[in-house]
Amino acid sequence: MPSRLISCLGTTEEFADLFSDSSVLAALLAFESGLARAQARLGLIPQSAAAAISGAAVADGFHAAAIAREARQSASVAIPLVNALAARVREIDEPGARFVHWGATSQDAIDTAMVLLLGRAQGILAGDHARLEQSLRALSERHAGTPMLARTLLQPAPPITFGLKAAGWYGAAHRSWGRLSGAFGEALRLQFGGASGTLAVYGTHGPALAAQLATELGLPVSGAPWHAHRDRLAAVAAHCGIYTGALAKIARDVALLMQPEVAEAAEPGGGSSSMPHKRNPSACVVALAAANRTPGLVAAFLAGMVQEHERAAGGWQAEWQTLAALIDATGSALSAMAGAIGGLTVFPERMLANIEAHGKQFAANDLGAAEQFRKQLLEE
């Protein structure tokens, strides 16, 4: 697995665990054991074989490094995994070993495993997003009447309220999360098509088997396999980029407000190794670093959508690590900003002082319009 010292600013503990070797193996094995149980339920394989496969499909019994090493020979992690699983089943029920992965293709296992991991990722993100929204809404309400300078092109502009600024952050995060959540809802579905995407090996039992497998895994079944059609996952990737950008907009504003020359707000922050007096915008830095990475990752995923015929050579194989890195970056930015906004300190007296110092050229500003827009943003 990647060094946590290298990746610590690009992920969180929860997401590092989610995309760990043991977690990925468990998701792949959930597909294989679920498939066997579904096949046995329809009488396609013996019950004894399904029981042996399910009993052997425990992640702790597999050597991830060896599977990864062998995967480079076949360009598929599923092939050495299935071989290792079959070897374990053979020790329990030798005749049952021939039914491991029967009729499925590598992409069925890998895509479905990723979908299972994405389902867990969505739950983690949803919890942090709810925390962020609650903090932003409370911040906006608390400072509905707190005047501050607006800034356009980084220069002083007629006053607004800090409540309006926080409501703007809330609105963008709320909208972006709604689109990302909807993309997850579209993408979290079973991949199961067999060699050519027709399930022909199962004869007339294909659709019923797909339905049984979907039930086993707690996933919706697609109208048809989507081996070379990556639009749903591409939407998740794109909306991760947009959502992370919305979070980084908040981070940029907070970091600028923390500058000592401005000093209107401060996140909990962190210290400096050489300047003990500093209070650095550490959470903002983590979110901004994530936003620097996501555009390239989104572009890489979109580039891979141009896939050949019924199974891609290269585009699909690039997706797993790209999508995992995108989820990592999104989760890292979100966790950081949920903490920063939850612990944000606001200095209204400094906001007034800056208006006095830099806003004398502006006529008295009616802040009633700011309040109207603030309320509209919170109601979106």
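Position labels on residues start from 1 in each chain and follow its written sequence. With the structure being a predicted model, the display of local features is reserved for residues of pLDDT at least 70 and the display and counting of side-chain atom pairs for 80 or more, all residues being used for whole-chain, interface and lining totals. Only hydrogens and water are set aside when side-chain values are computed; all heavy atoms of the structure are taken into account.

## Considering the overall build of the chain
Helix and strand definitions follow DSSP, with helices as H or I runs of at least four residues and strands as E runs of at least two, each counted in order from the N terminus. Within the chain one finds 14 helices and 4 strands. Across its three principal directions, the C-alpha atoms of the chain cover 85 × 45 × 35 Å. Throughout this description, buried means an accessible area under 20% of the type-specific maximum (1.4 Å probe, protein chains only), exposed means over 50%, and partly exposed covers the range between. The proportion of buried residues among the 380 residues of the chain is 51%. Here, two residues are considered to be in contact whenever any of their heavy atoms come within 4.5 Å of each other. Pairs at least 24 residues apart make up 79% of the contacts formed inside the chain by residues separated by at least 6 positions. Residue-level accessible areas treat just the shown protein chains as cover; the underlying method is Shrake-Rupley with a 1.4 Å probe. Carbon and sulfur atoms provide 57% of the accessible area of the chain, an area that totals close to 17,100 Å². When the 29 basic and 32 acidic side-chain charges of the chain are each reduced to a single mean position, those positions are 3 Å apart. Only four residue types enter the charge count, namely Lys and Arg as positive and Asp and Glu as negative; His and the chain termini do not. Note that the charge is assigned to NZ on lysines, CZ on arginines, CG on aspartates and CD on glutamates.

## Comments concerning the pairing of strand E2 (residues 155-161)
Should DSSP find at least two bridges between two strands, the strands are regarded as paired. Of the strand pairs in this sheet, strand E1 (residues 147-152) and E2 are connected by 5 bridges, and their pairing is antiparallel. Counted as the bridge partner of Pro147 is Thr161 from E2. Between E1 and E2, which pair antiparallel in sequence order, lie 2 residues; one of them, Leu153, sits at a positive phi of approximately 55°.

## Quick look at the packing of aromatic side chains
Only Phe, Tyr and Trp rings are paired, with Trp represented by its six-membered ring, and only when their centres lie within 6.5 Å; those with planes under 30 degrees apart are stacked, over 60 edge-to-face, the remainder tilted. As enumerated under the stated definition, the model contains 5 aromatic pairs in all. Each ring, one from Trp102 and one from Tyr202, has its centre 5.1 Å from the other, and the planes form 85°; the classification is edge-to-face. Here Tyr202 lies in the loop between helix H8 (162-187) and helix H9 (206-217) and Trp102 lies in the loop between helix H6 (78-92) and helix H7 (106-142), a separation of 100 residues in the sequence. The exposure class of Tyr202 is buried, given its relative accessible area of 4%. Geometrically, the ring pair formed by Trp177 and Tyr243 is tilted, given 5.6 Å between the ring centres and 55° between the ring planes. In this pair, Trp177 is assigned in helix H8 and Tyr243 in helix H10 (residues 231-257), connecting sequence segments 66 residues apart.

## Things to note about the layout of surface pockets
Over the atoms, a rolled probe matching the size of one water molecule traces out where space is still vacant. Using only the protein atoms, space was sampled on a 1 Å grid; points where a 1.4 Å probe fits but cannot get out form cavities, open sets with protein on both sides within 12 Å along at least five of seven lines form pockets, and lining residues are those with an atom within 4 Å of a point. Grid points are joined across faces, edges and corners, and a volume is the space filled by probe spheres set on the points. If you add up the space inside the largest pocket, you get close to 1,400 Å³. Lining the largest pocket are 43 residues, and of these Phe19, Val24, Trp320, Gln321 and Ala324 lie nearest its centre. Secondary structure elements with two or more residues in the lining of the largest pocket: helix H1 (4-7), helix H2 (13-18), helix H3 (21-41), helix H5 (64-74), H7, helix H11 (282-303) and helix H12 (319-342). Examining the composition of the lining of the largest pocket, we find that 8 residues originate from one element, H12, more than from any other. Looking at the second largest pocket, its volume works out to about 530 Å³. If you go around the second largest pocket, you meet 26 residues; those closest to its centre are Arg151, Lys165, Asp253, Leu256 and Leu257. Those elements that provide at least two residues to the lining of the second largest pocket are E1, E2, H8, H10 and helix H13 (348-358). No other element matches the 6 residues that H10 contributes to the lining of the second largest pocket. In this classification, the charged set is Asp, Glu, Lys and Arg, the nonpolar set is Ala, Val, Leu, Ile, Met, Phe, Trp, Tyr, Cys and Pro, and all remaining amino acids, among them Gly, are polar. Among the residues forming the lining of the second largest pocket, the class breakdown is 15 nonpolar, 6 polar and 5 charged.

## Some thoughts on the environment of Gly61
Positionally, Gly61 belongs in the loop between helix H4 (47-56) and H5. Between the C-alpha atoms of Gly61 and Ala235, which are 174 residues apart in sequence, the distance is 35 Å.

## With respect to the packing of H8 against helix H14 (residues 368-379)
The geometry of a pair of packed helices is captured by two quantities: the angle between their axes and the separation between those axes. Where helices are involved, their axes are fitted lines through C-alpha atoms of the stretch in contact, as for all axes, and angles between N-to-C directions lie from 0 to 180°. Running from amino to carboxyl end, H8 crosses H14 at an angle of 25°, the nearest separation of the two axes being 8 Å. By the angle between their axes, H8 is roughly parallel relative to H14. Considering the relative orientation of H8 and H14, their crossing is left-handed. Every residue of H14 that contacts H8 at Gly163, Leu164, Ala167, Gly168, Tyr170, Gly171 and Arg175 is listed here: Ala370, Phe373, Arg374, Leu377 and Leu378. Oblique is the label for any angle not covered by the other classes, which are roughly parallel (under 35 degrees), roughly antiparallel (over 145) and roughly perpendicular (65 to 115). Two helices crossing with the near one rotated counterclockwise from the far one by less than a right angle form a left-handed crossing, whereas a clockwise rotation gives a right-handed crossing.

## Overview of the confidence of the model for the chain
With 96% of its residues at a pLDDT of at least 70, the chain reaches an overall mean of 93. The pLDDT value tells you how sure the predictor is about a given residue, anywhere from 0 up to 100. Per-element averaging of pLDDT across the chain places H1 at the bottom with 72 and H10 at the top with 98.

## Section: H11
Owing to its 3.6 residues per turn, the α-helix brings residues three or four apart onto one side. Taking 1.5 Å as the rise per residue, H11 with 22 residues should run 32 Å; its terminal C-alpha atoms sit 33 Å apart, in good agreement. Along H11, the residues classified as buried are Ala283, Cys284, Val286, Ala287, Leu288, Ala290, Ala291, Thr294, Leu297, Val298 and Phe301. Where H11 is buried, its residues meet H10 and H12. In a helix, the anticipated span is given by 1.5 Å times the number of residues less one.

## Re unusual backbone geometry
For Ala75, which is not glycine, the phi dihedral falls at a positive 55°. Take Ala75: it is sitting in the loop between H5 and H6. By relative accessible area, Ala75 is classed as exposed at 53%. One non-glycine residue, Leu199, adopts positive backbone phi at about 55°. Looking at the element boundaries, Leu199 is found in the loop between H8 and H9. Note on Leu199: relative accessible area 9%, which makes it buried.

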